Protein chains: 2
Amino acid sequence: MAFQTRITELLHTEYPIIQGGMAWVADYHIASAVSNAGGVGLIAAGSAPADFVREQIHKVRELTDKPFGVNIMLMSPHAADIAQVVLEEKVPVVTTGAGNPGKYIPDWKAAGITVIPVIASVSQAIRMERVGADAVVAEGCEAGGHIGELTTMALTPQIVDAVSIPVLTAGGVADGRGIAAAFMLGAEGVQVGTRFLAAEECNIHPNYKQAVLDCKDIGTTVTGRTTGSPVRCIKNKLAREIVAMEKDVKADKEEMEKMLTGSLRAAVVDGDDKMGSLMAGQVAGMVHKIQPAAEIIKEMFAEAAQVLAGAQKLLAD
Amino acid sequence: MAFQTRITELLHTEYPIIQGGMAWVADYHIASAVSNAGGVGLIAAGSAPADFVREQIHKVRELTDKPFGVNIMLMSPHAADIAQVVLEEKVPVVTTGAGNPGKYIPDWKAAGITVIPVIASVSQAIRMERVGADAVVAEGCEAGGHIGELTTMALTPQIVDAVSIPVLTAGGVADGRGIAAAFMLGAEGVQVGTRFLAAEECNIHPNYKQAVLDCKDIGTTVTGRTTGSPVRCIKNKLAREIVAMEKDVKADKEEMEKMLTGSLRAAVVDGDDKMGSLMAGQVAGMVHKIQPAAEIIKEMFAEAAQVLAGAQKLLAD
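Below: a short report on this structure.

Cut-off values and rules
Residues numbered from 1 in each chain as written. Chains lettered and ligands numbered in written order. Predicted model: local features only at pLDDT ≥ 70, side-chain atom pairs only at ≥ 80, totals over all residues. Heavy atoms only, no water. Polar contact = N/O pair within 3.5 Å; in protein donor to acceptor, adjacent residues only side chain to side chain. Helix = DSSP H or I, 4+ residues; strand = E, 2+ residues; numbered from the N terminus. Contact = heavy atoms within 4.5 Å. Buried area = accessible area lost by both parts, 1.4 Å probe. Salt bridge = Lys/Arg side-chain N within 4 Å of Asp/Glu carboxyl O. Buried < 20%, exposed > 50% of the residue type's maximum accessible area, 1.4 Å probe, protein only. Core = buried A, V, L, I, M, F, W, Y, C linked by side-chain atoms within 4.5 Å. Pairing = 2+ DSSP bridges. Axes fitted to C-alpha atoms, helices over the stretch in contact; angles between N-to-C directions. Lys, Arg positive; Asp, Glu negative; His and termini not counted. Right-handed = clockwise from strand over helix to strand, strands pointing away. Least-squares fit on C-alpha atoms with pLDDT ≥ 70 in both. Phe/Tyr/Trp six-rings, centres within 6.5 Å; stacked < 30°, edge-to-face > 60°.

Attention now moves to helix α12 (residues 253-260) of chain A. You can read the cap of α12(A) off the contacts: a side-chain oxygen lies 2.9 Å from the backbone nitrogen of Glu254(A), and it is on Asp252(A). Positive phi shows up at Gly262(A), right after α12(A), with a value of about 75°.

Right under this line is the structure:
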């Protein structure tokens with residue numbers, strides 16, 4: 001089997017790919033589709049209450065018997081409850097963001113859960129390895145949603161050099177070329193978000209999906225750089241106004257916060273493509289059609305295999 | 001010969017590598033060393049007068065008979081004069097930044113000069129192909145110095161899809177893994193800046209060189225994001241103060257401009273590692289030693305070959 005790495009061993013999957021834990025977006029529909037297709041589908045807990053997450057877990061299990069996971073946003077007020085739910089439900093894979101999951105890891109590991117924190121710097125990766133993480137997702141700032149500072153090209157090899165657990169690359173991976181590049185940088189798997197926004201099984205409002213398909217290379221921007229909470233999203237009325245307010249010395253920062261509150265829900269659920277936060281990565285410009293998740297995964301790895309096989313041409317003497 | 005691409009054909013070099021056109025940094029010392037080592041060394045014209053650039057060209061020619069180039073910063077007040085100098089001197093390769101070199105290209109091409117603009121978006125690349133560029137350097141925002149918005153992982157494949165001329169990747173390439181990744185993304189060559197800051201032949205002040213060697217993964221930042229002239233540099237007193245002023249509604253923007261004026265020269269020439277602008281890319285964290293340029297190039301491509309050959313393991317059935 002091609003593409004067998006320490007990540008496929010760890011995840012018990014056909015392909016070394018995890019679907020991104022996109023808040024509001026990643027529900028049981030897309031998660032079960034990705035898992036059935038040979039990757040790991042994630043339910044994003046986001047700021048949702050624990051009962052909602054438990055319900056989502058049950059729904060995934062109705063649709064697949066393959067490995068799946070839950071992404072826990074550790075700054076959520078419900079994080080501790082959700083940590084307990086994934087334990088009780090023995091969710092196969094847990095990814096975490098926005099904090100240190102160290103205190104939960106011993107119990108999770110004892111329950112056989114594979115723990116993969118999402119990190120954005122060398123010091124975070126080293127800390128996660130020390131508290132017992134099985135792998136890390138190194139997420140570059142080309143990714144959609146909440147981001148760090150380092151790009152995938154700069155981050156991945158520095159993380160690979162710093163830890164001995166396997167590394168997945170996130171950010172900038174929308175096709176087989178991105179997968180092949182991630183492997184060359186030393187990653188053993190990838191996490192993909194933006195491309196799955198255009199999956200048939202992705203349950204976002206059609207307006208959001210269309211905005212991703214229409215997005216060009218320079219079609220995303222970062223809101224919240226000045227407030228310490230940078231988020232990459234597609235340039236629309238909301239994003240342009242926020243970015244302008246951030247540069248404006250006289251802008252009302254409370255007004256800004258008010259505009260952002262609920263804006264992701266407005267995009268995903270209501271399809272507000274003007275004042276909703278259309279979170280997406282810089283590779284949105286490479287996403288051109290709506291496809292089943294299984295087709296996306298097959299296509300990406302077939303292309304990765306082709307690109308990697310072509311490498312021989314470069315080595316010819 | 002390994003690594004023969006349309007870029008090595010175009011440049012008449014052993015390796016598909018160009019040294020970055022770093023203003024104040026890239027003089028005849030490093031340029032001739034890189035050219036002698038089988039890449040294309042560049043003299044950066046920056047804001048220097050035409051006579052200075054002519055003198056540098058003569059000095060490179062005393063030290064090498066291999067292909068070399070000049071990087072022209074098109075916003076320089078001396079750009080038109082320098083465009084004439086490279087024509088008169090029949091410089092083999094010209095790279096350009098910060099503008100559209102279209103009006104110079106017919107004369108340059110008639111003189112046999114290879115023209116390679118540095119670009120940061122799809123529309124710029126398409127425009128450059130249309131005005132007759134031979135190739136483009138797609139520069140990701142992980143690079144040092146003046147940067148755009150897109151990262152290398154997101155930018156390179158989108159440029160490759162948009163133009164039929166060959167593409168070089170810049171930003172995020174400091175070792176063989178970066179070269180291999182760039183090729184997987186569809187590039188046929190690379191431009192490397194930061195790693196050459198640590199070349200023996202790089203004529204920057206030892207304090208600047210030491211700051212690059214000491215830099216960690218999160219050791220760079222971007223000044224000027226709010227003023228429309230973003231520059232990546234190593235976090236020091238200057239960078240921290242500028243970034244703080246950019247977030248401060250009461251900060252004096254003229255004072256900020258004054259602090260930045262001459263700050264690159266202060267870093268390169270005077271070795272002011274506190275108030276000088278220590279321009280460097282996010283891969284500075286991967287640069288650990290001072291080496292001759294020839295050793296850097298040999299090492300990078302040997303590693304790239306090794307990494308690419310290892311790809312076969314991933315494809316094994």
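Still more to cover.
Our focus in this paragraph is the interface of chain A and chain B. Residue-level contacts link 48 residues of chain A with 48 residues of chain B. Buried surface at the junction of chain A and chain B, both sides included, amounts to about 4,300 Å², of which 63% is carbon and sulfur. Summed over the three residues of chain A that lose the most area to chain B, namely Met153(A), Met184(A) and Leu314(A), the buried surface amounts to 18% of that side. At the surface where chain A touches chain B, the tally comes to two salt bridges. The partner of Asp161(B) in a salt bridge is Arg177(A), with the nearest N and O atoms 2.9 Å apart. Scanning the region where chain A abuts chain B turns up 15 residue pairs in polar contact (both at pLDDT 80 or more). At the level of secondary structure, the elements contributing two or more residues to the side of chain A that touches chain B comprise α7 (152-162), α8 (176-184) and α14 (293-315) of chain A.

Once that is clear, we can look at the environment of Arg127(A). Residues and elements named next belong to chain A. Counting through the fold element by element, Arg127 comes out in helix α6 (residues 122-130). By relative accessible area, Arg127 is classed as partly exposed at 38%. Taking the C-alpha atoms as reference points, Arg127 and Asp65, 62 residues apart in sequence, are found 33 Å from one another.

Formed by 106 residues in total, the largest nonpolar core has its most connected members in Met184(A), Phe196(A), Tyr208(A), Met184(B), Phe196(B) and Tyr208(B). Setting aside its immediate chain neighbours within four residues, Phe196(B) contacts Ile17(B), Gln19(B), Ile30(B), Val34(B), Cys202(B), Ala293(B), Ile296(B) and Ile297(B).

Now for the pattern of salt bridges. Residue and element names in this part refer to chain A. The tally for this structure, following the rule as stated, stands at 23 salt bridges over all chains. Across the pair Lys109 and Asp134 runs a salt bridge whose closest N-O atoms are separated by 3.3 Å. Placement of Lys109 in helix α5 (residues 105-110) and of Asp134 in the loop between α6 and β6 (136-139) is noted, with a sequence separation of 25 residues between them. Of the charged contacts in the structure, one is a salt bridge between Glu241 and Lys237, with a shortest N-O distance of 2.7 Å. Of this pair, Glu241 and Lys237 both sit in helix α11 (residues 237-247), four residues apart, which is roughly one turn of the helix. Here the salt bridges do not stand alone but share partners, grouping Arg54, Arg61, Glu88 and Glu89 into one network.

As a further point, take the sheet that holds strand β11 (residues 231-234) of chain A. All names here are of chain A. Judged by pairing direction, the sheet is antiparallel, and its three strands sit side by side in the order β7-β11-β10 without closing on themselves. Taken across any chain shown, the strands that pair with only one partner, and hence form the sheet edges, are β7 (145-146) and β10 (220-223). As defined by bridge partners, β10 adjoins β11 across four bridges and the pair is classed as antiparallel. In the strand pairing of β11, Thr223 is matched with Val231. Along the sheet face, α11 touches β10 and β11 and points at about 50° away from the line of β10.

Attention now goes to the side chain of Glu139(A). All names here are of chain A. Relative to the assigned elements, Glu139 resides in strand β6. Here Glu139 sits buried without a salt bridge, and the closest side chain of opposite charge, Arg232, lies 9.6 Å off (N-O distance). Dropping the residues within four chain positions of it, Glu139 is found in contact with Val118, Ile119, Ala120, His146, Leu150, Leu155, Ala170 and Gln191.

The next point concerns the pairing of strand β3 (residues 68-73) of chain B. All names here are of chain B. In terms of residue burial, β3 counts as a mostly covered element, since five of its six residues are buried. Pairing between strand β2 (residues 41-44) and β3: four bridges, direction parallel. By the bridge assignment, Leu42 is partnered in β3 with Gly69. Taken together, β2, helix α3 (residues 50-63) and β3 constitute a β-α-β crossover, and its handedness is right-handed. Examined bridge by bridge, β3 and strand β4 (residues 93-97) share five bridges and lie parallel to one another.

Aligned on chain B, chain A shows an RMSD of 0.0 Å; the corresponding rotation is 180° and the shift along the axis is 0.0 Å. Each copy turns onto its partner about a two-fold axis. Of all interface residues in chain A, 100% are interface residues in chain B too; the two copies therefore contact each other through one and the same surface.

Another aspect to go through is the packing of aromatic side chains. Using the criterion set out here, one finds eight aromatic pairs over all chains in the structure. Here the aromatic residues Phe3(A), Tyr15(A), Phe183(A) and Phe301(A) are joined through ring pairs into a cluster of three or more.

The next point concerns the sheet that holds strand β2 (residues 41-44) of chain A. Residue and element names in this part refer to chain A. Strand order in this open sheet of eight strands is β1-β9-β8-β6-β5-β4-β3-β2, and the pairing throughout is parallel. Sheet topology places β1 (17-19) and β2 at the edges, where each strand pairs with a single neighbour. For this sheet the average axis-to-axis angle between neighbouring strands, irrespective of direction, equals 25°.

All names here are of chain A. When you line up the elements, Asn71 lands in strand β3 (residues 68-73). Separated by 2.8 Å, the side chains of Asn71 and Thr95 make a polar contact. Sequence-distant contacts of Asn71, defined by excluding residues within four places in its chain, comprise Gly21, Leu42, Ile43, Ala44, Ala45, Gly46, Thr95, Thr96 and Gly97.

All we've got here are geometric facts, nothing functional implied.
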